[in-house]
Structure formats: C-alpha cells, structure tokens
Amino acid sequence: MLKNIVLKTVLIILVFSFLSFDLSAKRKKQYFNETSFEIDFDITHKIIPLEVQNGGNKEIVIIGVESASKEKIEEYKNTIVAIYQKVNEGLEYELLRKIALPKNTIAFDIIKLYGDKNCLLLLNSQQIQLLHLDSSELEIIANIGSIYLQDEPQFISKKKMVKDLNGDGLDDIIIPNFKYVNLLLQQKNSLDKFLRSTLPIKAVVGMNSSQISFSEQKYFIQDVNFDGLNDFLLVKEGKLTAFIQKELGQFSERSEVIELPFKFSGLPWWLKRGADGETADQSNLKHSMLEDIQDINGDSIPDIMVKKTVSSGVLDRENSYDFFFGFEKKWCFKF
C-alpha cells in the first residue's frame, strides 16, 4: 500500500509539470500569479496568513531573527515579528510594521479576541502577554508560574496554548504549572478579558538516575454527562477523571472518576518506569495507552481509541488500535 501511494504522488507531480510546460508553450492563461518581496532577516517559523487590520484582507506575518550587530555575529539575535500588507488591490506587498519580541519569550500562539481581532499570545516564565499586531502594544494578561523556567531561552517555539475550552465559541488559554493548570476563559461582556481559574492537575514528572523533567498532562474536551457543556478530561494513574463544566462556563475544581471496562495508561510505554527506574523491558512488552477521546462514529457521543503495543524485542514491535464506542447510559461503552 505504501509503494502505491508513493508512485501516485510522483505521477501527479509529473503530470502537473507536463501541463505547466504545455500551457506555457501555447501561451494559455495561467492559474497562478507570482509575486515576491525581499526581507532583511532570517525566517525561523512557518509564515502565517492572518487578518491584522480587519480590512477584509489577510496580511502576511513572518517571525524570524536578526542580528543585533553586523560587526559582532555572536551577539544575541533579536526575534522579530514582521507584518506585510498588500498594496492597493495588486499583488505587491510592503512592510507594515516590525515588532521585536521580548527576550524572555518562551512560546507563542495565535489567539482571536472577542470582536474578531487576532493577536499573538506570548508566554514567558512568569507572565502571559498579548501582542496587539495592529498597534505593537504589549498587554499583560496574567502573572503566572509555569513549568517553563527559562529567562532567556535559546529559541521561541510555536506552542498550542489556545483552545475553546468551554465551547462558547471564544478562544481560551491553558497553561500548566507544577501543581495545577491555569485556565483563562475569555469573556464577552466583562471589563476583564479573561476569567482565571485553576484545576488541581500536576505536571507529569520524568525521572532517571541523572535528571528530572516536567511535561504537561494530556487532556481532552468532551461532554461526558450529556448536559450540553464540554467537560475537561485527563488520564490520571490509569483512570479517566473529569472536571465537570458548570453553568457559568467554569469547571468544577473537584474531579470525578469515570469507570471504564478496560485497562489503559495515560503515558506511552517509553515514559513508564519500573521499580528500578528503568524503562519497560522490550523483550516482553504489553502496553495499552488511551490515545484519543472524540466522536468517531458521528452520533455526538464521545468514543475512545486505545493504542496497544506488543513487543518481543527492539525490532519486533506491533501496534494495534481498539475503538470503544460510547452510548448514553452514564457514558457506557461497547467494543
């Protein structure tokens, strides 16, 4: 099957190359117009088409680095956001503005505010900030403590921090801490843009003989009590726990355990440790991990996908998937 897919892809490329040459030779109408413009810095992330000025057209947002001094290459490189806009109705683009990001920025994401205004969400070790691309204004949303403790990181990553958590159609923010998860729920009719709350969800701790690491808990957003409100789910110690959404759009701080008729883990097998601190023995490995929770069969009820890994050696590993389809009886399942 894989060989067939590869051959088909190559064939499509060749056909389009031939058609392009043929149309060019006969001077027929082209389907695409080409434009270009020069930039004076190195691009580091994917180019983002984004409406910045609410004028009906999308601008081009480019993130990259430029040297602080051409004479001293080893100096710190400033991370910048450059916004290019279309000139009139043509295909030409010109620089609208260039914004230098704070040196302590660890990660960014795209967030849409109420009223359809797009901004950059910036995270550092102590704060969450909004960068207003239409004005270059930097606004502090909240002072937090996260699991990312770097003051001057070597690079800025694109991180998924924005999601509609409570299903109201507005972008919300989720940031993990060592002992809890910060939720900032966007508001429509309030002086405060975001309503902050926390859930008692600890970070995942990884340990071996020489180091310790912290990572985020994997979470899911689904309605598990059939009240029309999305709930916050995670796998904790081999159990599925739920923080039920309340009527005001916030989540209960007390979790409820959901009993499931099958065993699973919330971590991949290579993160599981034995009593000796070592990873699982791959010569006789059997591991089941809850991979995803979503409506698979289209009946508006959450289903569960479990990934099973069986291994009898490093080079002899087999993965399979089990699907459990939910039905409305305290969220029961059938295989």
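Up top you'll find the structure we're talking about.
This write-up is about the structure you can find in this document. Counting restarts for each chain, with residues numbered from 1 along the sequence as it is written. The model is predicted, so local features are restricted to residues of pLDDT at least 70 and side-chain atom pairs to those at 80 or more, both for listing and for counting; the totals for chains, interfaces and linings are taken over all residues. Water and hydrogen atoms were dropped before computing side-chain values, which therefore reflect all heavy atoms in the structure.

In terms of helices and strands, the chain carries one helix and 24 strands. Buried residues in the chain amount to 36% of all 335 residues. Summing over all exposed atoms, the chain offers an accessible surface of approximately 21,400 Å²; the carbon and sulfur share of this is 51%. Numbering of helices and strands runs from the N terminus, with a helix taken as a DSSP run of H or I at least four residues long and a strand as a DSSP run of E at least two residues long. For the exposure calls, accessible area comes from a 1.4 Å probe over protein chains only, and a residue counts as buried if that area is under 20% of its type's maximum, exposed if over 50%, partly exposed in between. Surface exposure here means Shrake-Rupley accessible area, sampled with a 1.4 Å probe, where a residue is shielded only by the protein chains that are shown.

Time to look at the sheet that holds strand E18 (residues 231-236). The criterion for strand pairing is that DSSP finds at least two bridges linking the strands in question. Sheet architecture is open: four strands sit in the order E17-E18-E19-E20, paired in antiparallel fashion. Because the sheet does not close on itself, it has two edges, and the strands there are strand E17 (219-222) and strand E20 (256-258). Averaged over all pairs of adjacent strands, the angle between their axes in this sheet comes to 35°, without regard to strand direction. Pairing analysis gives five bridges linking E18 to strand E19 (residues 239-243), with the strands arranged antiparallel. Across the sheet, the residue bridging to Val235 is Leu240, located in E19. Lines are fitted to the C-alpha atoms to define the axes, a helix being fitted only along its stretch in contact, and any angle between axes, read from their N-to-C directions, falls within 0 to 180 degrees.

In this section: the sheet that holds strand E8 (residues 127-132). Ordered by their spatial adjacency, five strands build an open sheet running E9-E8-E7-E6-E10, and the pairing between neighbours is mixed. The sheet terminates laterally at strand E9 (137-143) and strand E10 (157-158), the two strands that pair on one side only. Here strand E6 (residues 107-113) runs beside strand E7 (residues 117-123); their pairing, made up of seven bridges, is antiparallel. Residue Phe108 lies in a different strand from E7, and its bridge partner there is Leu122.

Another aspect to go through is unusual backbone geometry. A positive phi is found at Asp116, a non-glycine position, where the angle reads about 70°. Summarising the element assignment, Asp116 is placed in the loop between E6 and E7. Even without a glycine there, the phi angle at Ser300 is positive, about 70°. When you line up the elements, Ser300 lands in the loop between strand E21 (285-294) and strand E22 (303-313). Judged by its relative accessible area of 65%, Ser300 falls in the exposed class.

Grid spacing is 1 Å over the protein atoms alone, the probe is 1.4 Å, and a cavity is where that probe fits but cannot get out, while a pocket is an open set with protein on both sides within 12 Å along at least five of seven lines and lining residues have an atom within 4 Å of a point. Grid points are joined across faces, edges and corners, and a volume is the space filled by probe spheres set on the points. In this structure, the largest pocket occupies an estimated 560 Å³ of space. Lining the largest pocket are 23 residues, with Val204, Gln217, Val235, Glu237 and Leu267 positioned closest to its centre. Those elements giving two or more residues to the lining of the largest pocket turn out to be strand E15 (204-207), E18 and E21. With three residues, the top contributor of residues to the lining of the largest pocket is E21. Under this grouping Gly is polar, as are all residues other than the nonpolar Ala, Val, Leu, Ile, Met, Phe, Trp, Tyr, Cys and Pro and the charged Asp, Glu, Lys and Arg. For the lining of the largest pocket, the per-class residue count stands at 11 nonpolar, four polar and eight charged.

Only buried residues count toward a nonpolar core. Its members are Ala, Val, Leu, Ile, Met, Phe, Trp, Tyr and Cys residues joined through side-chain atoms within 4.5 Å. One finds Ile111, Leu121, Ile128, Leu130, Ile173, Ile175 and Phe194 to be the most contacted residues of the largest nonpolar core, which totals 17 residues. Within the residue set of this core, elements represented by two or more residues are E6, E7, E8 and strand E12 (172-176). Contacts between residues were defined by any pair of non-hydrogen atoms, one from each residue, lying within 4.5 Å. In contact with Leu130, not counting residues within four places along its chain, are Ile111, Leu113, Cys119, Leu120, Leu121, Glu137, Leu138, Glu139, Ile141, Lys193 and Phe194. Counting 16 residues, the second-largest nonpolar core is a separate cluster that includes Val235, Leu240, Ile258 and Ile293.

This paragraph deals with a nonpolar patch on the surface. To count toward a patch, a residue needs a relative accessible area over 30% and no salt bridge; like charges are then connected within 9 Å, while nonpolar side chains (Val, Leu, Ile, Met, Phe, Trp, Tyr) are connected within 5 Å. When a carboxyl oxygen of Asp or Glu is within 4 Å of a side-chain nitrogen of Lys or Arg, the pair counts as a salt bridge. A contiguous nonpolar surface patch, about 380 Å² in accessible area, is contributed by Val205, Met207, Ile212 and Phe214. When residues of the nonpolar patch are traced back to their parent elements, those giving at least two are E15 and strand E16 (212-215).

For the rest of this paragraph, the subject is the side chain of Asp322. Turning to its location among the elements, Asp322 is positioned in strand E23 (residues 316-327). Here the side chain of Asp322 touches Lys308 through a polar contact of 2.9 Å, side chain to side chain. Under the rule applied, a polar contact is a pair of N or O atoms within 3.5 Å (in protein, one hydrogen donor and one hydrogen acceptor; residues adjacent in sequence only if both atoms are side-chain atoms).

Taken across its six residues, E18 has five buried, putting it largely inside the fold. Note: E17 against E18, four bridges, orientation antiparallel. Its bridge partner lying in E18, Ile221 is registered against Phe232. Here E18 folds back onto E19 in antiparallel fashion, the turn holding two residues, of which Glu237 has a positive phi close to 55°.

Our next topic: the packing of aromatic side chains. Working definition: rings of Phe, Tyr and Trp (its six-membered ring) pair if their centres are within 6.5 Å, and the pair is stacked with planes under 30 degrees apart, edge-to-face with planes over 60 apart, and tilted otherwise. In the structure shown here, the tally under the stated rule is seven aromatic pairs. On the numbers, 5.1 Å between centres and 10° between planes, the contact of Tyr219 with Phe232 is stacked. Residue Tyr219 is located in strand E17, and its partner Phe232 is located in strand E18; the two are separated by 13 residues in the primary sequence. Among the residues examined, Tyr219 registers a relative accessible area of 22% and is labelled partly exposed. Among the residues examined, Phe232 registers a relative accessible area of 1% and is labelled buried. Here the aromatic rings of Phe262 and Phe324 are separated by 3.8 Å at their centres, their planes lie at 20°, and the arrangement is stacked. With Phe262 in the loop between E20 and E21 and Phe324 in strand E23, this residue pair connects regions lying 62 residues apart in the sequence. Exposure class is identical for Phe262 and Phe324. Each is buried.

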